[in-house]
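Results of the structural survey
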Amino acid sequence: MTFPVVGSNIPGPYQISNSLRFNDGDSPTLSRTPASTGNRKTWTFSYWIKRSTISTVQQTFAVGTNAATPWFLNYINSDDTLHVWFHDGTNSYFSYGLNQLRDVSAWYHIMYVVDTTQSTASDRLKVYINGSEMTWNTYAPPAQNFDTQVNTTNTHYIGRAGNGQYFDGYIAETYFIDGQALSPTDFGEFDEDSGVWKPKQYEGTYGTNGFYLKFNNTGNMGQDSSGNDNTWTPTNLSGTTDVTTDTPTNNFATWNALDKSTSVPPTLSEGNTTLSQPASGLSSNTTLGVSSGQWYFECEVTGGSAWLGVVPQNLHPASSNLFTASNTAGVYGINPNLYLNGSLQGSLGGGVSNGDILMIAFDIDNGNFYVGKNGLWNDGLGGGFDQADFSNATAHSFTVKTGDNYVVGTVNGSGSSSYVLDINFGNPSFSISSGNSDDNGYGNFEYAPPSGYLALCTQNLATELSPTIDDGSAYFQTLTFTGNGGTQTLTFDGNSDLQADFMWFKERNLAANWHQLWDTSRGATVASSKRFYSNASSADDNITTGAGVRGVGTNTVEVGATAGINGSSQPLVLWAWKANGGTTSSNTDGTITSTVQANTTAGFSIVTYTGTGSNATVGHGLGVKPDMVIVKGRSSTENWGVQMANTLGFTNALRLNLTDAYGGVNGAGWWNDIAPTSTTVSIGTRSEVNTNGNNYIMYCFNNVEGYSKFGKYTGNGSTNGTFIYTGFRPSWIMLKRTDSGASWLIFDNKRVGYNLVSNRLYANDPQGEDTSTSSSLDLLSNGFKIRSTTAGDSSTNASGGTYIYMVFAENPFVTSGAVPVTAR
């Protein structure tokens, strides 16, 4: 069961206005001692959380302590799984799930349903994450008619347990229903178009001890809005700074606990809005990235010498030269200088003292960067401060790389002093005296954002970035199924109009059956269907007996009896991409006339052409430069050729069916040492791409905001591996090490269905599914995190190793809610 999650611009009229921020270092809690006992056998507890810290024990809802007295605890364990523990003073009932909740950029909806009157043990305790029932690792339900400690007159806690363990993060929209075992659909629903899980208003009754906490009253944070007046008492929580607008329906940027240095890392606190950097340490990037638009944030500075600015996300904070690249912009230190394009621009007039608030505005569309302090915009060149009118501020230009996502980053400037940065993207943890919002009404800032400059939150990202795809399942899906050895119609999930124009099958437990790749440009009918093998150099294999792919329809694929796509009783996986519904057209953009089936919305085209044996160009139909090109000869035995010009260059090639490193195969013959353009791909004279008279197929892909990403990362050799920002939750990932020989690894969101994701197949090898954890990763709301080590498997995370990735989305970050893939 997969529980992808993003607190975001969730569609629908119901919006959550506030959450409560819990900083575990402050020992925060809400507590209540009921005046009378309620129903101890049957109850429902529903709430939303956004975690700030992982890999520590964090209590969310508890009664009593785990001493020699009865108690009830539900908590997140140090392995990041959900645990539920009942105790009656003698007997203990302990259950926990499989899914690891390790996404610090996401909002999770969690719901506990208890009904011990049920005769069936599995019905006495149910836990739901984002509308889908949790899969248990260990399930030990309470005995029938067990009286829980919940609803007794003992003290109840939210955000801690009686033994002093605390929650760290945000809690929102919290309901307790006394006397009813309810369904997730009482509190949320799946959006019909996108399939995301979104909150809705609860309209039922509450029972004697029931309550509803909105956290929208700064003077009374624990106020009950159910009408029961079952109000909770806050301890070590501030209505001024802990009542926030970071919610499941509008998620604000914070420092990213998953994207920080592993060498002398910073300490993050206050819901990851405060960063404390030790001397000689490196630092962190933020959770939200932008590729266009105008953005504003503030930062209160305390001590030290720090870089703070805007960087491409692929410049990871493990690098001390984070701000020296030509496409970065930053402010440096207590006696700061302004660096743009990696060059010193001058001194920030007047310096920065403890408690000063820096104002930073950046314009990705035009490559402009502005710096101010305490309400006045600085000219950045040592001439003092301009008047407050932003139109008179000095604009400093920085080089913007098209297609890059830019995040806010920081790193120690001098390497010899510590510092603290309280970042404010509109969700401050420091006191705000004035309270200004952006033009869209979002954010809480000390100073008014310049006109047109917005807070970094997902409501604004949805408006500014405007992804053309709000439901990735309409263009790509993973389907797992069991073969029947005959004829079978496979149906994709949901109500999307996916047509599988490119199909990749693999039998998951048999090495004897190879990867099989089919597409509608070559033919996928009963009369003729053609296949390739990604792990072999074989030419087209044409099946005319109806045993291959027999037909493709809207949301369906019909398969015949061929082993490897429908073997009897065999577990299989199908990865399917939509092109143009099988409709092709002639393309004369290149010197070779090609036949193209293009989907410019999804950035994918299938191209067929006939080689000439001379240097040539081939039209691809995307209308933009492709970020990845895969070529295969159809007429004879030829290796596959892979180009990632924007990431690796175009002077060499990788081969999909082999493990060789990049650089070992001369590129002049592959791509003629010419970069692809918005209309064509250049090819040389190698037989793999251009033998005279031979037929070829070319699959072309380009980055699409919120849907697909092609790039590279550097490994760090740690289980706290590299974080790769994509701007969406991945549903399919292919990785390849490029500086050394290694396999092509494929992960997806269906075969395991929860983090940790370790089950992988190898594009270059027909072996069955590898389920060891030597290569593993977490799928997250805004990217993925490598969790394997060099010792485990250098093919994903060797220290200093370079890797490419090809990723497709489930839902873009800016429009996703909490989305179980299996429950569309």
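Relevant structure appears above.
Residues numbered from 1 in each chain as written. Predicted model: local features only at pLDDT ≥ 70, side-chain atom pairs only at ≥ 80, totals over all residues. Heavy atoms only, no water.

**Concerning the sheet that holds strand β53 (residues 723–725)**
For clarity, the threshold we go by: What makes two strands pair is DSSP finding at least two bridges between them. Helix and strand definitions here come from DSSP, where helices need a minimum of 4 consecutive H or I residues and strands a minimum of 2 consecutive E residues; each element is numbered from the N-terminal end. Note on method: axes are straight lines fitted to C-alpha atoms, helices fitted across the in-contact stretch only, with angles between N-to-C directions ranging 0 to 180 degrees.
The antiparallel open sheet is built from three strands, whose spatial order is β53-β58-β57. Each of the sheet's edge strands pairs with one partner strand only, and the pair in question is β53 and β57 (777–780). Along the sheet, successive strands turn relative to each other by an average axial angle of 15 degrees, direction set aside.

**Considering the environment of I16**
Here is the rule we go by: Here, residues are in contact when the closest pair of their heavy atoms is within 4.5 Å.
Relative to the helices and strands, I16 resides in the segment before β1 (19–22). Each C-alpha atom of the pair I16 and D246 lies 9.1 Å from the other, and the pair is 230 residues apart in sequence. Once residues lying within four places of it in the same chain are set aside, the contact partners of I16 are A172, E173, P199, T247, P248 and T249.

**What to know about the sheet that holds strand β35 (residues 488–491)**
The strands that make up a sheet pair up through hydrogen bonds in the backbone, lying either parallel or antiparallel. A sheet is described by the order of its strands in space; here three strands give the open sequence β35-β41-β40, paired in antiparallel fashion. Here the strands that pair on one side only, and so sit at the sheet edges, are β35 and β40 (549–553). Strand-to-strand twist of the sheet, defined as the mean angle between neighbouring strand axes without regard to direction, takes the value 15 degrees.

**Some remarks on the nonpolar core**
General note: in soluble globular proteins, nonpolar side chains tend to be found buried as a group. So the rule is basically this: Among the buried residues, those of types Ala, Val, Leu, Ile, Met, Phe, Trp, Tyr and Cys that are joined through side-chain atoms within 4.5 Å form a nonpolar core. In this scheme, a residue with accessible area under 20% of its type's maximum is buried, one over 50% is exposed, and one in between is partly exposed, where area comes from a 1.4 Å probe on protein chains only.
Within the largest apolar cluster, 56 residues are counted, with the highest numbers of intra-cluster contacts made by W504, W577, Y699, F701 and Y707. In terms of nonpolar packing, the next biggest core, distinct from the first, is built from 40 residues, V104, L268, V310 and L465 among them.

**Focus: the packing of aromatic side chains**
Two aromatic rings are characterised by how far apart their centres lie and by the angle between their planes. Here is the rule we go by: Here a pair means two rings of Phe, Tyr or Trp (six-membered ring of Trp) with centres within 6.5 Å. Their orientation is stacked below 30 degrees between planes, edge-to-face above 60, and tilted elsewhere. Put simply, a charge is over a ring when the Lys NZ or the Arg CZ is close to the ring centre, within 6 Å, and near the line of the ring normal, within 35 degrees.
Tallying each qualifying case throughout the model produces 60 aromatic pairs. Taken together, a centroid distance of 4.4 Å and an interplanar angle of 20 degrees make the contact between F502 and Y699 stacked. Taken as a pair, F502 in strand β36 (residues 502–507) and Y699 in strand β51 (residues 695–701) lie far apart in primary sequence, 197 residues in all. We classify F502 as buried; its relative accessible area is 4%. Summarising the aromatic geometry, the rings of F784 and Y805 are spaced 5.7 Å apart at their centres and angled 80 degrees between planes, so their arrangement reads as edge-to-face. Taken together, the residues F784 in strand β58 (residues 783–786) and Y805 in strand β59 (residues 802–812) connect sequence positions 21 residues apart. The burial state of F784 is the same as that of Y805; both residues are buried. Taking the ring centre of Y170 as reference, the NZ or CZ of K50 above it sits at 5.4 Å.

**What to know about the pattern of salt bridges**
Applicable threshold: Any Lys or Arg side-chain nitrogen located within 4 Å of an Asp or Glu carboxyl oxygen qualifies as a salt bridge.
Under the counting rule described, the total for this entry stands at 21 salt bridges. The closest approach of N and O atoms between D80 and R51, which form a salt bridge, is 2.9 Å. In this pair, D80 is assigned in the loop between β5 (71–76) and β6 (82–87) and R51 in strand β3 (residues 42–51), connecting sequence segments 29 residues apart. Through salt bridges with shared partners, one network takes in R508, D748, R751 and E769.

**Observations concerning the pairing of β58**
Side chains G783 and K785 project from β58 onto one buried face, and the interleaved F784 and I786 project onto a second face that is buried too. Of the pairings in the sheet, the one linking β53 to β58 comprises three bridges and is antiparallel in character. Its bridge partner lying in β58, Y725 is registered against G783. Sheet analysis places β57 next to β58, joined by four bridges and oriented antiparallel. Following the sheet pairing, L780 is matched in β58 by G783. The turn linking β57 back onto β58 is made up of two residues.

**A closer look at the side chain of H109**
Condition: By the criterion applied in these results, polar contacts are pairs of N or O atoms within 3.5 Å in which, for protein atoms, one can donate a hydrogen and the other can accept it, and in which residues neighboring in sequence qualify only through two side-chain atoms.
Residue position: H109 is located in strand β8 (residues 108–115). For H109, the side chain forms a polar contact with the side chain of W197, separated by 3.1 Å. Discounting chain neighbours no more than four positions away, the residues touching H109 are S46, Y47, W48, Y128, I129, N130, F187 and W197.

Shape is all these values report; function is a separate question.
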